[in-house]
Amino acid sequence: MNDKVFDTLTGMYFTVDDPDGSYGTGQVIRLAAEGIYFIRFDGNEVMLPLELVSIGEMLQTTDEEYKLWRFFDTLEERDKWIEWLDAPSKPRVVSLVRPTK
């Protein structure tokens, strides 16, 4: 029997989508037990306590099959994603009429 537990998420940064359209951010701190991790959400002014989250919760999707949790190796990667996510969309104008010569 193999007793080795694979830990692939410790140290990773994450975003998690909320049903109201907002999102939370934080970091996976360490493995608590097989399939369960201690995570810490980012706090604005105080360090928030650790929370336990299972792999099952991290794999949840919306009814449209969109992942709620996204993981990033570095803080810079996560910040780049958030910057893209929060950027206002730029409407594009597409002409459906060919210009006359």
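Residues numbered from 1 in each chain as written. Predicted model: local features only at pLDDT ≥ 70, side-chain atom pairs only at ≥ 80, totals over all residues. Heavy atoms only, no water.

A. The sheet that holds strand β5 (residues 69-72), seen in detail. Ordered by their spatial adjacency, five strands build an open sheet running β4-β3-β2-β1-β5, and the pairing between neighbours is antiparallel. Among the strands making up the open sheet, the edge pair consists of β4 (51-54) and β5. Taking the axes of each pair of neighbouring strands and ignoring which way they run, one obtains an average angle of 40° across the sheet. Pairing geometry for strand β2 (residues 23-33) and strand β3 (residues 36-41), over six bridges, is antiparallel. Looking at β3, one finds that Gln-27 is bridged to Arg-40. (Pairing = 2+ DSSP bridges. Helix = DSSP H or I, 4+ residues; strand = E, 2+ residues; numbered from the N terminus. Axes fitted to C-alpha atoms, helices over the stretch in contact; angles between N-to-C directions.)

B. Up close: the packing of aromatic side chains. Scanning the model with the defined rule gives five aromatic pairs in all. Taking the centre distance of 6.1 Å and the plane angle of 15° together, the rings of Trp-69 and Phe-71 count as stacked. Residue Trp-69 is classed as buried on the basis of its relative accessible area, which comes to 10%. Site record: aromatic cluster; members linked through ring pairs are Phe-14, Phe-41, Trp-69 and Phe-71. (Phe/Tyr/Trp six-rings, centres within 6.5 Å; stacked < 30°, edge-to-face > 60°. Buried < 20%, exposed > 50% of the residue type's maximum accessible area, 1.4 Å probe, protein only.)

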